[in-house]
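Summary of the model geometry
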Amino acid sequence: MSETKRIKTALVSVYHKEGLDEIITMLYKEGVAFLSTGGTQRFIESLGFPCKAVEDFTSYPSLLGGRVKTLHPKVFGGILCRRSDRQDMQQIEKYEIPEIDLVIVDLYPFEATVASGADEAAVIEKIDIGGISLIRAAAKNYNDVIVVASQFQYKPLLDMLTEHGATSTLEERRWMAKEAFAVSSHYDSAIFNYFDNEEGSAFRCTAGDQKALRYGENPHQKGYFYGNLEEMFDQIHGKELSYNNLLDINAAVELIDEFKNTTFAILKHNNACGLASRPTVLEAWKDALAGDPVSAYGGVLVTNAVIDKDTAEEINKIFFEVIIAPDYDVAALETLGQKKNRIILVRKETRLPAKQFRSLLNGVLVQERDLNVETVADLKTVTEKEPAPDEVEDLLFANKIVKNSKSNAIVLAKGKQLLASGVGQTSRVDALKQAIEKARSFGFSLQGAVMASDAFFPFPDCVEIACKEGVTAVIQPGGSVRDDLTVSYCNEQGVAMVTTGVRHFKH
């Protein structure tokens, strides 16, 4: 069996024709004959090249409104016959089946049709039958046939034709077969998920566009990202994103999306170490940094406002890994771009997936994304004292931060500024003590501050400690069997407490 195969006949039937003309032209110049259907046949002929209709090739017309066009032994025999198998070759000679050496087929836009809101009848008609069968057949017989399964593979084919004409190596055919099976498996997963209708009866998720990262969480681990980051960001400066960068960027995006007012946040290891909402982005930056200027070193910065020159000059005074914003002034970019490795991202408007998943043990954990954002209407005052309007604002502010912090988590805030947080602790008391110590170390008074907890207080101890430090209002989910003891202590101290009924654990 020769590794190099010459392309003599190509079956071409595609939905997306952009970029196809150059391929067809090069194939024709190499003496390749064409088989095609419907619109693709007309497209090839419009380029001035002869093309035989599949209907003439099989002696069968297109049937059932186009549902049956290429599903015929003469087509699939020409693709699947093993050129090195004497019996196969005898059979195709007997039944006058010409060999097909190249299959260029793409699939009906099923996902786009679903996304458009089309009715079920229209969606069902976009389930490709002939195309997917041709792709699988050609990929299976990669020893002899080369397959192009989507317009994203037009370029590799074009490069191949440019390099060595209408021939292919075994390595090239096997690579294209792999890509074809990636297309078919993704397509079938999309169809399954449509019919599954969010029931979750099985886990099917595919993602392409593999990006090899410098390493995983640690240098001795390999790491990859699958997906199209360009849909979310334009990277306009800096080194390649790392595995840990991406974890922090994900946490940063989830956090900043909680806020509508101008807000700046600084994150380290997926947790906010500084955050403030202010009238201007410069004020927000200064007060976010004041929350923990030590942890900000090497952090990830994110804002929902355009960064101007003055803000950029202040930011430029510290070392950080990544900055994310919806846009930057030209002068701001000149300042921020002074460090060659500094990663500068422009955030695009993109909807995040509704579900999250992670591999765990010998399976996969799946959950809905935590999209619950508590508002004033969700707060239930459980103490005799009602929180003042400014305290309510701070409570909601702190609750957004604690929701996006690793459990166990406590957040202390005042005047829409994160004073300190305790995160990732094995006890809620330890989390509070960590937050208090951090606030003291940076000179913050907790008098008049509010406290937020990601889960209920099993005992009144956290509230007792916080009240002694000057905290005047508390927000928590509630639901402990000892809630009455905690509320009673708040009443004795004249502290307001509200509950949300919503827990925000995060691991």
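Within every chain, residues take consecutive numbers counted from 1 along the sequence as written. With pLDDT at 70 or above as the cut-off, local features in this predicted model cover only qualifying residues; side-chain atom pairs require 80 or more to be listed or tallied, and sums for whole chains, interfaces and linings still use all residues. The basis for every side-chain value is the complete set of heavy atoms in the structure, and neither hydrogens nor water enter the calculation.

What to know about the sheet that holds strand β14 (residues 320-325)
- Across the sheet, which stays open at both edges, the six strands sit in the order β10-β15-β14-β13-β11-β12 with mixed pairing between neighbours. A single partner strand is all that each edge strand has here, and the edge strands are β10 (233-237) and β12 (271-277). Recorded for the sheet is a direction-independent mean angle of 20 degrees between the axes of neighbouring strands.
- Two residues form a contact once any of their heavy atoms are found within 4.5 Å. Lines fitted to the C-alpha atoms define the axes, with helices restricted to the stretch that makes contact. Angles between their N-to-C directions range from 0 to 180 degrees. By the criteria applied, helices consist of DSSP H or I runs no shorter than four residues and strands consist of E runs no shorter than two, each listed in order from the N terminus. Against the sheet, helix α11 (residues 243-256) contacts β10, β11 (263-268), β12, β13 (299-303), β14 and β15 (343-347), and its axis sits at roughly 150 degrees relative to β11. Note on pairing: DSSP must find at least two bridges between two strands before they are called paired.

As for the nonpolar core
- Among the buried residues, those of types Ala, Val, Leu, Ile, Met, Phe, Trp, Tyr and Cys that are joined through side-chain atoms within 4.5 Å form a nonpolar core. Here's how the labels work: a residue is buried when its accessible area is under 20% of the maximum for its type, exposed when over 50%, partly exposed in between, all with a 1.4 Å probe on protein chains only. F233, I249, L275, I324, I401 and V411 are the most contacted members of the largest nonpolar core, which totals 42 residues.
- Within the second largest apolar cluster, 28 residues are counted, among which are F76, I132, A137 and V147.

A short note on the sheet that holds strand β5 (residues 102-105)
- One open sheet accounts for five strands, arranged β4-β3-β2-β5-β6; its pairing is parallel. Lying at the two open borders of the sheet, with one neighbouring strand each, are β4 (52-53) and β6 (146-148).
- In the packing of helix α1 (residues 20-29) onto the sheet, the strands contacted are β2 (9-13), β3 (33-36) and β5, and the crossing angle to β5 comes to about 165 degrees.

Some words on unusual backbone geometry
- Of note, the amide linkage connecting S407 to N408 takes the cis form, showing an omega dihedral of -10 degrees.
- Relative to the helices and strands, N408 is located in the loop between α15 (389-403) and β19 (410-413).
- In this model, K416 sits at a positive phi of 55 degrees, which is unusual for a non-glycine residue.
- On the secondary structure map, K416 appears in the loop between β19 and β20 (418-422).
- Relative accessible area serves as the criterion here: at 23%, K416 is assigned to the partly exposed category.

Examining the packing of α1 against helix α9 (residues 154-164)
- Taken N-terminus to C-terminus, the directions of α1 and α9 make an angle of 30 degrees; their axes are 10 Å apart at the nearest point. Relative to α9, the element α1 lies roughly parallel. In this structure, the crossing between α1 and α9 has a hand that is left-handed. On α9, the residues touching L20, E22, I23, M26 and L27 of α1 are Y154, L157, L158, L161 and T162. Roughly parallel here means an angle under 35 degrees, roughly antiparallel means over 145, roughly perpendicular means 65 to 115, and every remaining angle is called oblique. Left-handed describes a crossing whose near helix is turned anticlockwise from the far helix through less than a right angle; right-handed describes the clockwise counterpart.

Quick word on empty space enclosed by the protein
- Cavities and pockets are defined on a 1 Å grid built over the protein atoms alone: a cavity is a set of grid points where a 1.4 Å probe fits but cannot escape, while a pocket is an open set with protein on both sides within 12 Å along at least five of seven lines, and lining residues are those with an atom within 4 Å of any such point. Grid points are joined across faces, edges and corners, and a volume is the space filled by probe spheres set on the points. The full count for this structure, using the stated rule, is one cavity of 30 Å³ or more.
- One number sums up the size of the largest cavity: a volume of about 40 Å³.
- As for the largest cavity, its lining consists of E258, N372, V373, E374, L396, N399, K400 and K403.
- Considered class by class, the residues forming the lining of the largest cavity number two nonpolar, two polar and four charged. For this scheme, ten residues count as nonpolar: Ala, Val, Leu, Ile, Met, Phe, Trp, Tyr, Cys and Pro. Four count as charged, namely Asp, Glu, Lys and Arg, and the remainder, Gly too, count as polar.

Structural notes on the pattern of salt bridges
- Whenever Lys or Arg places a side-chain nitrogen within 4 Å of a carboxyl oxygen from Asp or Glu, that contact is recorded as a salt bridge. On inspection of all chains with the given rule, the structure shows 23 salt bridges.
- For the salt bridge of R6 with E30, the shortest nitrogen-to-oxygen distance reads 3.0 Å. Placement of the pair is R6 in strand β1 (residues 5-6) and E30 in the loop between α1 and β3, with a sequence separation of 24 residues.
- For E30, a relative accessible area of 33% translates into the label partly exposed.
- For K506, the salt bridge is made with E254, and the minimal N-O distance between the two is 3.6 Å.

Quick word on the side chain of T9
- On the secondary structure map, T9 appears in strand β2.
- Those residues in contact with T9 that lie beyond four places of it in its chain are V32, A33, L35, E99, I100, D101 and L102.

With respect to the environment of R347
- Relative to the elements of secondary structure, R347 occurs in strand β15.
- A sequence separation of 122 residues divides R347 from F225, and the C-alpha atoms of the two residues are 18 Å apart.
- Residues within four places of R347 in sequence aside, it is in contact with M232, F233, V253, I256, D257, I324, A325 and P326.
- Side-chain atoms alone can form a polar contact between residues adjacent in sequence; in general such a contact is a pair of N or O atoms within 3.5 Å, and within protein one must be able to donate a hydrogen while the other accepts it. Here D257 takes part through its side chain, which lies 3.0 Å from a polar atom of the side chain of R347.

Some thoughts on the pairing of strand β16 (residues 355-360)
- Two strands pair when backbone bridges link them, and β16 and strand β17 (residues 363-368) are joined in this way by six bridges, in the antiparallel orientation. Across the sheet, the residue bridging to L360 is G363, located in β17.
- Connecting the antiparallel pair β16 and β17 is a turn made up of two residues, with L361 showing a positive phi of about 50 degrees.

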